[in-house]
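Chain residues, written in single-letter form:
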Amino acid sequence: MRIDFFKKLKRNRLRAIMRGYRALKKEKKIYLIRKIKDDLIKKEIEGTDGLLDIFFSGLGNNKSLILKQLLALRTETVSFSGAILYAYGKNKKLIFPLPRVLQDVIKSNNFPINTRLCSILWIGVVFLYWYRGVFTFYRYAYKQFINLFFKKKSLYGGRYTYFDGLTATNLPTNSKEKADFNIVTWYVLRKGARDKIDVICHNVSNTSSIKVNGIQVKYIDNVIPYIVKPTMMLYFILWGIGATITCAFLFIFGKWQNVLLLSEYTKAIIVRFCNAKDLAYDYLFHNSYFIYRPIWTYEAEKKGANIIFYFYSTNSELYKPGHRYIKQFNYSLMSWPKYLVWDRYQENFVTRSIRYDSSIEVVGPIWFSSGKKKVPLLPEQTVAVFDTTPLRSSCFSLYAYPQEYYSAKNIGQFLIDIKDVFCNTGISIAHKKKRFLDKAHPAYVKLTNNFYSSNDMISINSDISASELIDKCKYVISFPFTSTAIIAKNQGLHSVFYDPVGIIQKNDRAAHGILVLNGIKELKKWVKITLET
């Protein structure tokens, strides 16, 4: 009975969200959610608590930015979009945990908000931040104490690099039967020997240590080094006791800024007190987590570590809907000191987006993930087709995209047109889906399954890297603006974006200089010309 009750609540909430989405779309106000989020990002946040800031010194002008990043982790989410859609669908006031300063921003957009409930919920969120901060301090204090007086353990065993946010598919397989197209292998081939790296560390647990080109690749359970000096350990303990007690008083008096920083700043203090030689040579972060830069990386950078942010794809920009491009304010929060990008187009995108001094290096396509499966044996004449998996309606509504281009209807037409054009040409179609098929639109799943069962298309496992598939094909057609088109172009293949609807502009900078085909007539013409050359 209890399970049925919660299922009913969830189902009713989803219905209200979808009703809110349809209402905003009908009234041509779907842009409102993105506008609210952008206004929240632009809002300046006061970061000082006077003399009590002594426990959070060293951040300087970065403190307000870090607070904005932490708040954006809450508002740049589907849960926040869902809360807005739910309120609109139920004709009620918005209820979401937000500080008063951000509630005022929502009011300024003439969106009704229940300030009392939002403030109460925010108090609960701040308490959880304080609790997590206290827990983080005592957990690290225990680990640091045990290592200092009993283990004397070194995590690394030489000059090392650390990769954050990886999964098992991002690690080398060392298979003799297939090439590895993952970020670790890419890094080893590009920088490993040149920078004399001995060890590459990562966050993927339950994995074995292996070697790639003589460089050890292994899991470590903690990116934060150990403090090795007893005096520094004493300073850390005293700081933690003072900071946790201070934040408790700040919480009581409604001051939330430093409370939000407590957990992350604990790690920064450890880095400040550790030896510089125990830090990694490079710390690498990828664009799945682009908004928030961890506080400890500022301390690591001061001690000589390289903090590097890399893009594993280029599909970051919205398409140009008319004469003007849509501004993407969420990228303006990025504050990484160095970016690795694919080409000059992505370099220009980052330059336009960021507000802080950084270096940008163009390195070509960056490999990211590849599974253990091999590309099946394909006919000599094969076109690789890459799309974007359309979400089912309930999930699609939650994202509240200002542009509805990535719909099941458009992506379905993309595949249908390609199947029709290549029919009777003697060229096989290899279709690679993206992951997360559990959220895929049922119409898309049915369509692709029909294509596979009728042998109109060859299904390529989603764990196979795009680079590996492209290596086996003659031509590549990509849905705008997936990164596969750039990979294929870089490998010297015929590569185009195909827009079945005809709304993508050929000079859109998001196309990275790759030919955009609008509609089935242009697709037919391109196929004819390409086959004749």
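Please refer to the structure higher up on the page.
Below is a summary of the structure that appears in this document. (Residues numbered from 1 in each chain as written. Predicted model: local features only at pLDDT ≥ 70, side-chain atom pairs only at ≥ 80, totals over all residues. Heavy atoms only, no water.)

## Observations regarding a positive patch on the surface
A contiguous patch of positive charge, built from Lys7, Lys8, Arg11 and Arg15, is present on the exposed surface. Within the fold, Arg15 resides in helix H1 (residues 2-26). Assessed through its relative accessible area of 49%, Arg15 is described here as partly exposed. (Patch = residues over 30% accessible without salt bridge, like charges linked within 9 Å, V, L, I, M, F, W, Y side chains within 5 Å. Areas by Shrake-Rupley, 256 points an atom, 1.4 Å probe, with all protein chains shown as cover. Salt bridge = Lys/Arg side-chain N within 4 Å of Asp/Glu carboxyl O. Lys, Arg positive; Asp, Glu negative; His and termini not counted. Charge placed at Lys NZ, Arg CZ, Asp CG, Glu CD. Helix = DSSP H or I, 4+ residues; strand = E, 2+ residues; numbered from the N terminus. Buried < 20%, exposed > 50% of the residue type's maximum accessible area, 1.4 Å probe, protein only.)

## Re the side chain of Arg293
Tracing the sequence through the fold places Arg293 in the loop between strand S5 (282-286) and helix H10 (296-302). On the basis of relative accessible area, Arg293 is assigned to the buried category, the value being 2%. One polar contact links Arg293 to Thr297, side chain to side chain, over a distance of 2.8 Å. If we ignore the near neighbours within four places in the chain, the residues touching Arg293 are Gln69, Tyr298, Glu301, Ile307, Ser335, Trp336 and Pro337. (Polar contact = N/O pair within 3.5 Å; in protein donor to acceptor, adjacent residues only side chain to side chain. Contact = heavy atoms within 4.5 Å.)

## Re the packing of aromatic side chains
For any pair of aromatic rings, geometry is given as the distance between the ring centres together with the angle between the planes. Summed over all chains, the structure comprises 34 aromatic pairs. Ring plane angle 10° and centroid distance 4.0 Å describe the contact between Tyr312 and Phe368, whose orientation is recorded as stacked. On the criterion of sequence distance, the pair formed by Tyr312 in the loop between strand S6 (306-310) and strand S7 (338-341) and Phe368 in the loop between strand S8 (359-362) and strand S9 (382-386) is long-range, its members being 56 residues apart. Relative to Phe497, the ring of Phe481 has its centre 5.2 Å away and its plane inclined at 85°; by these criteria the two rings are edge-to-face. Residue Phe481 is located in the loop between strand S12 (475-478) and helix H16 (484-490), and its partner Phe497 is located in strand S13 (residues 494-499); the two are separated by 16 residues in the primary sequence. Take Phe481: its relative accessible area is 3%, and that puts it in the buried class. Its end group placed over the ring of Phe329, Lys42 keeps NZ or CZ at 4.4 Å from the ring centre. Sitting above the plane of the Tyr298 ring, Arg293 keeps its charged end 3.9 Å from the centroid. (Phe/Tyr/Trp six-rings, centres within 6.5 Å; stacked < 30°, edge-to-face > 60°. Lys NZ or Arg CZ within 6 Å of the ring centre and 35° of its normal.)

## Here's the deal with the sheet that holds strand S11 (residues 458-460)
Ordered by their spatial adjacency, six strands build an open sheet running S11-S10-S9-S12-S13-S14, and the pairing between neighbours is parallel. Looking at strand neighbours, the two that pair on one side only are S11 and strand S14 (516-518), the edges of this open sheet. Averaged over all neighbouring strand pairs, the angle between strand axes comes to 30°, with direction disregarded. One ladder, built from three bridges, connects strand S10 (residues 428-432) with S11; its direction is parallel. Bridge pairing links Ala430 to Ile458 in S11. Lying over the sheet, helix H17 (residues 519-532) contacts S12, S13 and S14, oriented at roughly 130° with respect to S14. (Pairing = 2+ DSSP bridges. Axes fitted to C-alpha atoms, helices over the stretch in contact; angles between N-to-C directions.)

## Some details on the sheet that holds strand S2 (residues 199-202)
Read across the open sheet, the eight strands follow the order S3-S4-S2-S1-S5-S6-S7-S8; overall the sheet is mixed. The open sheet has two edge strands with one neighbour each: strand S3 (210-212) and S8. Neighbour-to-neighbour, the strand axes of the sheet open up by a mean angle of 25°, direction not taken into account. Direction of pairing for strand S1 (residues 160-163) relative to S5: parallel, over a ladder of three bridges. Paired with Thr161 across the two strands is Asp282, which belongs to S5. Each of S1, S2, S3, strand S4 (215-219), S5, S6, S7 and S8 is contacted by helix H7 (residues 183-192), which is oriented at about 150° to S1, the strand it contacts most. Packed on one face of the sheet, helix H11 (residues 344-353) meets S7 and S8 and runs near 165° to S8.

## Some details on the packing of helix H2 (residues 31-42) against helix H5 (residues 100-108)
Two numbers describe how H2 lies on H5: the axes approach to 10 Å, and their chain directions differ by 140°. Taken together, the axis directions place H2 and H5 in an arrangement best described as oblique. The two elements H2 and H5 cross, and the hand of that crossing is right-handed. Residues Ile36, Asp39 and Leu40 of H2 pack against Leu102, Val105 and Ile106 of H5. Its residues placed into classes, the contact of H2 with H5 shows five nonpolar, no polar and one charged. (Parallel < 35°, antiparallel > 145°, perpendicular 65-115°, else oblique. Left-handed = near helix turned anticlockwise from the far one by under 90°. Nonpolar A, V, L, I, M, F, W, Y, C, P; charged D, E, K, R; others polar.)

## Here we look at the nonpolar core
Core analysis: the largest hydrophobic core is formed by 169 residues, its most contacted members being Leu94, Phe236, Tyr283 and Ile477. Tallying contributions element by element places helix H9 (residues 257-273) first for this core, with 10 residues. Not counting residues within four places of it along the chain, the set of residues in contact with Phe236 comprises Phe137, Tyr140, Ala141, Ile227, Thr266, Ile269, Ile270 and Phe273. (Core = buried A, V, L, I, M, F, W, Y, C linked by side-chain atoms within 4.5 Å.)

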